[in-house]
Amino acid sequence: MPELPEVECIVRDLRSCVQGKKIVGVEFFFENMLPGITPEEFAGQVCGRIIRSVKRRGKYILFYLSGDKVLEIHLRMTGRFIFHPVPVKPEKYTGVIFYLSGNISLHFQDIRKFATFRLWEKQELYRATPFRLGPDPLEDNFTLESFLAIMAKKPGSKIKAFLLDQRNFMGMGNIYTDEALYRAGIDPARETGELDLKEKKRLYKAVYSILQEGIALRGTSVSDYRDLRGLPGGFQNRLKVYRRAGEPCPRCGTTLQRTVIAGRGTYFCPQCQV
DNA sequence: CTCCGTGCCTGTGAGC
DNA sequence: TGCTCACAGGCACGGA
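In this text, all values refer to a predicted model and were calculated from it rather than measured experimentally.

*Asks:* Mind showing me how you'd approach the overall build of chain A here?
*Replies:* Secondary structure summary: chain A contains 6 helices and 10 strands in total. Relative to the 2.2 N^0.38 estimate, which gives 19 Å for 274 residues, the radius of gyration of chain A is 20 Å and therefore close to what a compact globule would have. Judged by the C-alpha coordinates and their principal axes, chain A covers about 55 × 40 × 30 Å. Within the span of chain A, comprising 274 residues, buried residues form 54% of the whole. Look at the contacts in chain A between residues 6 or more apart in sequence, and 63% of them connect residues 24 or more apart. Put simply, chain A shows about 12300 Å² of open surface, and 49% of that area lies on carbon and sulfur atoms. Placing the 43 positive and 30 negative side-chain charges of chain A at their respective mean positions leaves the two points 2 Å apart.

Now the structure itself:
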């Protein structure tokens, strides 16, 4: 479900809702998100700890807990958190309820059950996936120079695959990648090495601006995405090409097409994207 | 290296 | 109405 803008919105909301609260209980309804650890062990590791801060790296959510523990959560396709200021019963897809101090609770829901929870010692966190991948586009080190340097290392990659590969940059997913390539006017099937400097600059700006707009509109809800209050985002109304095959290009009127690149459905305008 | 298929799950929508 | 199929916001893994 969520890409960088959605995760960023979730993390900002989590900070205002649960930062400083103590985890007083954890209840599981399914446990697919816990590889290699039982729900009892997990509860034993987190109960009694205070949520000191909530951070994001790419699409990963990091709960920094008291006692130097870090809970790393990846929502994958359909994972979501819903904040409840008063106790409510679990819903059909509720997998976990975190009971917090102040009688509030955080419900984790996941239709497809792909999401993952992992616990780290803070000093071991550098070994965790979020810190072994590429830079995050919202961090200061996402400059045009770094973008060009990383792209130069992968001249044979298709540009769509390059943007989706989290080892290059973290946070881009299928929706924002197609929209950024449309905005930059670049054919998703081209190789990064074929792009001239002007095109690379356009792409850099398109990636940055599309992510910022996604955040400003509180994410994209094409189907499942909801924020911490259960509300949909607004960027789905700004999508130009994603899931619009067969419709006219909003810029030139040419019929938008769908193809498969990097194993993902890819939407583009064959006229505007060259 | 890159690409590709597969698996993990459940739901939706189109076509028959 | 009901069945089957393609597709769905992600990522890890193994093989070519």
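Next comes the rest of the account.
*Asks:* Got a minute to help me understand the environment of Gly 230 in this structure?
*Replies:* Here Gly 230 is to be found in the loop between helix H6 (197–216) and strand S9 (257–261). A relative accessible area of 29% places Gly 230 in the partly exposed class.

*Asks:* Looking at this structure, how should I read the protein's contact with DNA strand B?
*Replies:* Around DNA strand B, the surrounding shell consists of Asn 32, Lys 92, Tyr 93, Ile 111, Arg 112, Lys 113, Phe 114, Lys 154, Gly 156, Ser 157, Lys 158 and Ala 161. Put simply, 67% of the atoms of DNA strand B that lie within 4 Å of the protein are in sugar or phosphate. One of the side-chain nitrogen or oxygen atoms of Arg 112 is found 2.9 Å away from a base oxygen of DNA strand B. Partitioned by chemical class, the residues of the surface near DNA strand B number 4 nonpolar, 3 polar and 5 charged.

*Asks:* What is the right way to read the nonpolar core from this model?
*Replies:* As a rule of thumb, soluble globular proteins bury nonpolar side chains together. Core analysis: the largest hydrophobic core is formed by 71 residues, its most contacted members being Ile 61, Phe 63, Phe 81 and Leu 203. Those residues within four positions of Phe 63 in sequence are excluded, and the remaining contacts are Leu 14, Val 18, Ile 51, Ser 53, Val 54, Lys 69, Val 70, Leu 71, Ile 73, Phe 81 and Leu 106. Leu 62, Tyr 64, Val 70 and Trp 120 belong to the second largest nonpolar core, which has 6 residues in total.

*Asks:* What exactly am I supposed to notice about the protein's contact with DNA strand C here?
*Replies:* Near DNA strand C lie 25 residues; those nearest to it are Thr 220, Ser 223, Asp 224, Tyr 242 and Arg 264. Within 4 Å of the protein, the contacting atoms of DNA strand C are drawn from sugar and phosphate to the extent of 62%. Arg 76 is positioned with one of its side-chain polar atoms (N or O) 3.0 Å from a sugar or linking oxygen of DNA strand C.

*Asks:* Sorry, what's going on with the environment of Arg 226 here?
*Replies:* Positionally, Arg 226 belongs in the loop between H6 and S9. In this structure, the C-alpha to C-alpha distance between Arg 226 and Glu 6, residues 220 residues apart in sequence, is 8.6 Å. At a separation of 3.1 Å, a polar atom in the side chain of Arg 226 contacts the main-chain carbonyl oxygen of Ser 223.

*Asks:* Before we go on, may I ask you to explain the state of the cysteines in this structure?
*Replies:* Throughout this description, disulfide means a covalent bond between two cysteine sulfur atoms. Within the structure shown, the criterion is met by 0 disulfides. Sulfur of Cys 272: no disulfide; nearest cysteine sulfur belongs to Cys 249 and is 3.7 Å away.

*Asks:* Before we go on, may I ask you to explain the packing of aromatic side chains in this structure?
*Replies:* Both the distance between ring centres and the angle between the ring planes are used here to describe each pair of aromatic rings. Taken as a whole and judged by the stated rule, the model has 16 aromatic pairs. The interplanar angle of 25° and the centroid separation of 6.2 Å between the aromatic rings of Phe 98 and Phe 117 together place this pair among those described as stacked. One end of the pair, Phe 98, is in strand S6 (residues 94–100); the other, Phe 117, is in strand S8 (residues 116–121), and 19 residues separate them in sequence. Each residue in the set Phe 28, Phe 42, Phe 63, Phe 81, Phe 98, Phe 108 and Phe 117 is aromatic and connected to the rest through ring pairs, giving one cluster. In this structure, Lys 55 is placed above the aromatic ring of Tyr 64, and the distance from its NZ or CZ to the ring centre is 4.7 Å.

*Asks:* Would you explain the side chain of Thr 192 in this entry?
*Replies:* Within the secondary structure layout, Thr 192 lies in the loop between helix H5 (174–184) and H6. For Thr 192, the residues in contact, after removing those within four places along its chain, are Met 151, Lys 154, Pro 155, Gly 156, Ser 157, Ile 159, Phe 162 and Lys 200.

*Asks:* Would you explain the pairing of strand S3 (residues 60–65) in this entry?
*Replies:* Within a regular strand, side chains alternate between the sheet's two faces. Extensive coverage of S3 is indicated by the burial of 6 of its 6 residues. Burial of the side chains of S3 extends over both faces: Tyr 60, Leu 62 and Tyr 64 are buried on one face and Ile 61, Phe 63 and Leu 65 on the other. One ladder, built from 6 bridges, connects strand S2 (residues 51–57) with S3; its direction is antiparallel. Bridging across to S3, Ser 53 finds its partner in Tyr 64. Connecting S2 to the antiparallel partner S3 that follows it, the hairpin turn spans 2 residues, and Gly 58 within it adopts a positive phi of roughly 60°. Two successive antiparallel strands, S3 and strand S4 (residues 69–74), enclose a turn made up of 3 residues, where Gly 67 displays a positive phi of approximately 80°.

Calculation rules
Residues numbered from 1 in each chain as written. Chains lettered and ligands numbered in written order. Predicted model: local features only at pLDDT ≥ 70, side-chain atom pairs only at ≥ 80, totals over all residues. Heavy atoms only, no water. Helix = DSSP H or I, 4+ residues; strand = E, 2+ residues; numbered from the N terminus. Rg over C-alpha atoms; globule rule 2.2 N^0.38 Å. Buried < 20%, exposed > 50% of the residue type's maximum accessible area, 1.4 Å probe, protein only. Contact = heavy atoms within 4.5 Å. Areas by Shrake-Rupley, 256 points an atom, 1.4 Å probe, with all protein chains shown as cover. Lys, Arg positive; Asp, Glu negative; His and termini not counted. Charge placed at Lys NZ, Arg CZ, Asp CG, Glu CD. Near = heavy atom within 4 Å. Polar contact = N/O pair within 3.5 Å; in protein donor to acceptor, adjacent residues only side chain to side chain. Nonpolar A, V, L, I, M, F, W, Y, C, P; charged D, E, K, R; others polar. Core = buried A, V, L, I, M, F, W, Y, C linked by side-chain atoms within 4.5 Å. Disulfide = S-S within 2.5 Å. Phe/Tyr/Trp six-rings, centres within 6.5 Å; stacked < 30°, edge-to-face > 60°. Lys NZ or Arg CZ within 6 Å of the ring centre and 35° of its normal. Pairing = 2+ DSSP bridges.

Shape is all these values report; function is a separate question.
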